[in-house]
Amino acid sequence: MILSKPLVLTYLYLLVYILLSSGVILYNKWVLSPKYFNFPLPITLTMIHMAFSGMVAFVLVRVFKVVSPVNMTFEIYATCVVPISAFFAASLWFGNTAYLYISVAFIQMLKALMPVATFIMAVMCGIDRARCDVFSNMLLVSVGVVISSYGEIHFNVVGTVYQVTGIFAEALRLVLTQVLLQKKGLSLNPVTSLYYIAPCSFVFLFVPWYLLEKSEMEVSQIQFNFWIFFSNALAALALNFSIFLVIGRTGAVTIRVAGVLKDWILIALSTVIFPESTITGLNIIGYAIALCGVVMYNYLKVRDVRASQLSETLPERLAKDWKLEKKSSDLFTPNNNGDNNGTGSGGGISSDLKTDEEAPLISSRLSHIGRSQLGNHAA
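Since this is a predicted model, take the numbers as computed values, not measurements.

A. Seen up close, the overall build of the chain. When helices and strands are tallied, the chain shows 14 helices and 0 strands. Along the chain, from the amino end to the carboxyl end, the secondary structure elements read α-α-α-α-α-α-α-α-α-α-α-α-α-α. Within the chain, buried positions represent 52% of all 379 residues. Once local pairs closer than 6 in sequence are excluded, the contacts in the chain between residues at least 24 apart make up 86%. As displayed, the chain offers around 17,000 Å² of accessible surface, 70% of which is attributable to carbon and sulfur atoms.

Below, the structure is given as structure tokens:
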């Protein structure tokens, strides 16, 4: 059996995504942990990521003009970009802070709560409805996470609260992305999303940094190695683009399977790289139960999306797509070729099934910003 070139590229992108995602998480843990590199300043590390991503995006947009900036109005920026950036900054801040208190393996197990958090936020914002079958799956996930937490040897309340808070902040960001940006018909590719989101997130992070970490940096002997922080920020940036490439070549089911595989690999690697990360049998049982709930929910959601697509007639589907494309194109500045920004390679992803592995509950069209930023929650 000879594999086709597109299939080989798809598997290659999946492999790169798994390696980068696992690598960034382990790298962040190593940098932040007092037992290793000893840079226990998660907000500072997150600000470095945002500053680096923002500068790279600025150079690509303004200097090399790889993509054209969106015709962003003040009203759209204030009502859409600012709140999304705030919760994005919060999710990164709380998620990275959790590395100081709990193990990478336990963090990955807690991330099974992401569907529960997104479902709750989606229902609260009115973009999803409460259903008995969905509620039963969410209950199964929650029970599994509770069992896994009970089996955690080095359980830490502070670290767990940080991680769970970060998960809910990320869930709210994903829901706001759909509610706010889709309502405006705004579509951003990975470069333009970083161009607008990263600087704003940096500003939001500056406030807690000034209150919590500035004084600590002045009195403590913090080592700073340029190449370590540069490579760390570069890996986080590469992860963003790898996620976009994977989403562009695969469907939701493939991405979620890859995500589950990545989580198991990461849990195993973390126990080898960080010997203090001990996994118990109760950890595994609880995590397996939680994953069963996630898989069952993903199946229900994909089935619902396919059913809704089949129920639409072809003229209705074409008319819907034309209206969305027209609304989106009105917000872009044409480039030299006369094409709209974001419709080049990989930029035209609009399938209802192209959803994030971390956001399986959002099944309708997601803007590119919601998809391209997913990996940061692990960064």
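Having seen the structure, we can now continue with the description.
B. Expanded view of the packing of aromatic side chains. Here the structure, examined in full by the defined rule, presents 19 aromatic pairs. Between Phe206 and Trp209, the aromatic rings sit 5.5 Å apart at their centres with planes inclined by 35°, giving tilted as the arrangement. Taken as a pair, Phe206 and Trp209 lie in helix H8 (residues 190–212) at a separation of 3 residues, close to a single helical turn. For Phe206, a relative accessible area of 39% puts it in the partly exposed group. Using a relative accessible area of 17% as the deciding quantity, one classes Trp209 as buried. Taking the centre distance of 5.1 Å and the plane angle of 75° together, the rings of Phe226 and Trp227 count as edge-to-face. You can call Trp227 exposed: its relative accessible area is 61%. An aromatic cluster of at least three residues, connected via ring pairs, comprises Tyr27, Trp30, Phe37, Phe39, Phe224 and Phe229.

C. Up close: the packing of helix H3 (residues 74–97) against helix H7 (residues 157–184). Interhelical geometry of H3 versus H7 gives an angle of 160° and a closest axis separation of 8 Å. One way to sum up the angle between H3 and H7 is to call them roughly antiparallel. Note that H3 runs across H7; the crossing there is left-handed. Grouping the constituent residues of the contact of H3 with H7 by class yields 14 nonpolar, 8 polar and 4 charged.

D. Here's a closer look at the environment of Arg173. Structurally, Arg173 is set in helix H7. In this structure Arg173 comes out as buried when scored by relative accessible area, which is 1%. C-alpha of Arg173 to C-alpha of Ala89: the two residues are 84 residues apart in sequence and 9.6 Å apart in space.

E. Expanded view of the environment of Tyr17. Mapped onto the fold, Tyr17 is located in helix H1 (residues 5–32). Once the C-alpha coordinates of Tyr17 and Val246 are considered, the two residues, 229 residues apart in sequence, prove to be 7.3 Å apart.

F. Focus on a nonpolar patch on the surface. A cluster of nonpolar residues, Phe58, Val59, Val63, Phe64 and Val66, forms a patch on the protein surface that exposes about 490 Å² of accessible area. Relative to the elements of secondary structure, Val59 occurs in helix H2 (residues 42–63). With relative accessibility at 31%, the residue Val59 sits in the partly exposed group.

G. Up close: the pattern of salt bridges. For the coordinates displayed, the defined rule picks out 3 salt bridges. Of the charged contacts in the structure, one is a salt bridge between Arg131 and Asp133, with a shortest N-O distance of 2.7 Å. Residue classification places Arg131 among the buried residues on the basis of a relative accessible area of 16%. On the basis of relative accessible area, Asp133 is assigned to the partly exposed category, the value being 27%.

H. Quick look at unusual backbone geometry. Notably, Asn38 is not glycine yet its phi reads approximately 65°, a positive angle. Tracing the sequence through the fold places Asn38 in the loop between H1 and H2. Unlike most non-glycine residues, Lys65 shows phi in positive territory, near 55°. Take Lys65: it is sitting in the loop between H2 and H3.

I. Region of the structure containing the packing of H8 against helix H10 (residues 226–249). Two elements in contact, H8 and H10, have axes whose closest approach is 10 Å; the angle formed by their N-to-C orientations is 135°. Between H8 and H10, the interaxial angle falls into the category oblique. Crossing handedness for the pair H8 and H10: right-handed. For the pair H8 and H10, the contacting residues are Pro190, Val191 and Leu194 in the first and Leu237, Asn240, Phe241 and Phe244 in the second.

So, how was this worked out
- Residues numbered from 1 in each chain as written.
- Predicted model: local features only at pLDDT ≥ 70, side-chain atom pairs only at ≥ 80, totals over all residues.
- Heavy atoms only, no water.
- Helix = DSSP H or I, 4+ residues; strand = E, 2+ residues; numbered from the N terminus.
- Buried < 20%, exposed > 50% of the residue type's maximum accessible area, 1.4 Å probe, protein only.
- Contact = heavy atoms within 4.5 Å.
- Areas by Shrake-Rupley, 256 points an atom, 1.4 Å probe, with all protein chains shown as cover.
- Phe/Tyr/Trp six-rings, centres within 6.5 Å; stacked < 30°, edge-to-face > 60°.
- Axes fitted to C-alpha atoms, helices over the stretch in contact; angles between N-to-C directions.
- Parallel < 35°, antiparallel > 145°, perpendicular 65-115°, else oblique.
- Left-handed = near helix turned anticlockwise from the far one by under 90°.
- Nonpolar A, V, L, I, M, F, W, Y, C, P; charged D, E, K, R; others polar.
- Patch = residues over 30% accessible without salt bridge, like charges linked within 9 Å, V, L, I, M, F, W, Y side chains within 5 Å.
- Salt bridge = Lys/Arg side-chain N within 4 Å of Asp/Glu carboxyl O.

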